[in-house]
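# A structural walkthrough
Chain by chain, the residues run as shown.
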Amino acid sequence: MPYFMRAIDRVHAERQLIAALNEQMGWNDVELFFKRLRIPRPDFGGESHTFTDLTRGYLRDCSDDVLLEIAHQLGLDIPSEERNDDFIALGDSKYWLIDHFRVFISHFHTAKLQAGALRNALQRYAISAFVAHDDIETSDEWREEILRSLMSMDAFVAILTPDFNSSKWTDQEVGIAVARDVLQIPINRGENPYGFLSKYQALVSKGLVVKDVAAEIFRTICTNVRTKGRMIESLTRTISTGSDALKFCFVLRG
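Residues numbered from 1 in each chain as written. Predicted model: local features only at pLDDT ≥ 70, side-chain atom pairs only at ≥ 80, totals over all residues. Heavy atoms only, no water.

### Quick look at the overall build of the chain
Helix and strand content of the chain: 11 helices and seven strands. Per-residue burial for the chain yields a buried fraction of 47% across its 254 residues. In the chain, the proportion of contacts linking residues at least 24 apart, taken out of those at least 6 apart, comes to 73%. Here the chain has roughly 13700 Å² of accessible surface; of this, 49% comes from carbon and sulfur atoms. (Helix = DSSP H or I, 4+ residues; strand = E, 2+ residues; numbered from the N terminus. Buried < 20%, exposed > 50% of the residue type's maximum accessible area, 1.4 Å probe, protein only. Contact = heavy atoms within 4.5 Å. Areas by Shrake-Rupley, 256 points an atom, 1.4 Å probe, with all protein chains shown as cover.)

In structure tokens, the structure reads:
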């Protein structure tokens, strides 16, 4: 039977595995180890990276089952639970567009229109954005669908309005993004980043139209070492992408 880990257990597990790999293996050993596991080498786009960056990159895209198998081979005991029929598999969401980079947009309901417009603007960059109010059909178990999307997103965008933390859910969505260690992009729409988001420089949207905000999000994703490779892959696979985005992609690859 397949296994799964809670988000926080996954974070702790990756930390233990990184420490164990640092202790037991060198660069060549790690690359051979993951090659035998058929896990592709992370793409750092030619940028310098440490041994820890390398191991974290390998582990980030592993399923929970693979992560537990690695832990077993390294002699580590990682908390996990059997996945039964009542547990919703967290690997994917039916709302993601095929071959697109995946962004979860967190917002309070008063920013529904802005979130929907941003989602549409991001699509020209081969970015599929999940906006709960627009994307979830009435018949869906919406909590489960939100969780699927949070656990399969590539990056997280928070539209910070003054009432952002009035929701029962937005801070929990931020917590999952932090626990998964995905790229987090706060957008200041009247509220500065706070809590876990406070360490990030906010994208100030005042005076910008939606397409400009989308372009800034795209540039941030393209220049971040954790997301650059995945973004380039999505761009090159998506023929509907705008020419400006493709041009930027080729500059990055060069």
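### Some thoughts on the sheet that holds strand 7 (residues 203-204)
Pairing between the strands of a sheet is mediated by backbone hydrogen bonds and can be parallel or antiparallel. The sheet built from five strands is open, its strands ordered 4-3-5-6-7 with parallel pairing. Edge positions in the open sheet fall to strand 4 (127-130) and strand 7, since each of these has one partner strand only. Looking at chain direction, strand 6 (residues 183-188) and strand 7 are connected through two bridges and run parallel. In the strand pairing of strand 7, Ile-187 is matched with Leu-203. Each of strand 3 (101-106), strand 4, strand 5 (155-160), strand 6 and strand 7 touches helix 9 (residues 210-223); the most contacted strand, strand 6, lies at about 155 degrees to it. (Pairing = 2+ DSSP bridges. Axes fitted to C-alpha atoms, helices over the stretch in contact; angles between N-to-C directions.)

### Let's talk about the nonpolar core
Grouped together as the largest cluster of nonpolar side chains are 29 residues, with contacts concentrated most on Ile-105, Leu-118, Ile-127, Ile-217, Ile-221 and Met-231. Residue assignment for this core shows that the elements contributing at least two residues are strand 3, helix 5 (112-122), strand 4, strand 5, strand 6, helix 9 and helix 10 (228-237). Broken down by element, the residue count for this core peaks at seven residues, all from helix 9. Those residues in contact with Met-231 that lie beyond four places of it in its chain are Phe-101, Tyr-125, Ala-126, Ile-127, Phe-218, Ile-221 and Cys-222. By size, the runner-up hydrophobic cluster in this structure holds 22 residues, among which are Ile-18, Phe-33, Leu-67 and Ile-70. (Core = buried A, V, L, I, M, F, W, Y, C linked by side-chain atoms within 4.5 Å.)

### Section: the pairing of strand 4
Remark: a regular strand shows side chains that alternate across the two faces of the sheet. Side chains Ile-127 and Ala-129 project from strand 4 onto one buried face, and the interleaved Ser-128 and Phe-130 project onto a second face that is buried too. Pairing of strand 3 with strand 4, which is carried by four bridges, proceeds in the parallel orientation. From the neighbouring strand, Phe-101 faces strand 4, where its bridge partner is Ile-127. Following the backbone out of strand 3, through helix 5 and into the adjacent parallel strand 4, one traces a crossover that is right-handed. (Right-handed = clockwise from strand over helix to strand, strands pointing away.)

### Observations concerning the pattern of salt bridges
Counted according to the given criterion, the structure contains six salt bridges. Glu-145 serves as the salt-bridge partner of Arg-148, at 2.8 Å between the closest nitrogen and oxygen. Placement of both Arg-148 and Glu-145 in helix 7 (residues 142-152) is noted, with a separation of three residues, approximately one turn of the helix. Overall, the relative accessible area of 4% leaves Glu-145 in the buried class. In this structure, Arg-219 and Glu-216 form a salt bridge, with 3.0 Å as the shortest nitrogen-oxygen distance. Of this pair, Arg-219 and Glu-216 both sit in helix 9, separated by three residues, roughly a single helical turn. Judged by its relative accessible area of 40%, Arg-219 is partly exposed. (Salt bridge = Lys/Arg side-chain N within 4 Å of Asp/Glu carboxyl O.)

### Remarks on the pairing of strand 6
Most of strand 6 sits out of view: six of its six residues are buried. Of the two faces of strand 6, the one holding Leu-183, Ile-185 and Ile-187 and the one holding Gln-184, Pro-186 and Asn-188 are both buried throughout. Inspection of the sheet shows strand 5 paired to strand 6 by six bridges, in the parallel sense. Looking at strand 6, one finds that Leu-160 is bridged to Asn-188. Taken together, strand 5, helix 8 (residues 170-180) and strand 6 constitute a β-α-β crossover, and its handedness is right-handed.

### Observations concerning helix 2 (residues 27-36)
Three or more residues of helix 2 are buried, namely Val-30, Phe-33 and Phe-34. An end-on view of helix 2 places all buried positions within 90 degrees of arc, on one side of the element. Set apart from the buried face of helix 2 by more than 90 degrees, the exposed residues are Asn-28, Leu-32, Lys-35 and Arg-36. Two residues or fewer past helix 2, Arg-38 is found with a positive phi of approximately 60 degrees. (Arc of directions from axis to C-beta.)

### Observations concerning the side chain of Ser-152
Within the secondary structure, Ser-152 sits in helix 7. Polar contacts involving the side chain of Ser-152 include one to the main-chain carbonyl oxygen of Arg-148, which spans 2.8 Å. (Polar contact = N/O pair within 3.5 Å; in protein donor to acceptor, adjacent residues only side chain to side chain.)

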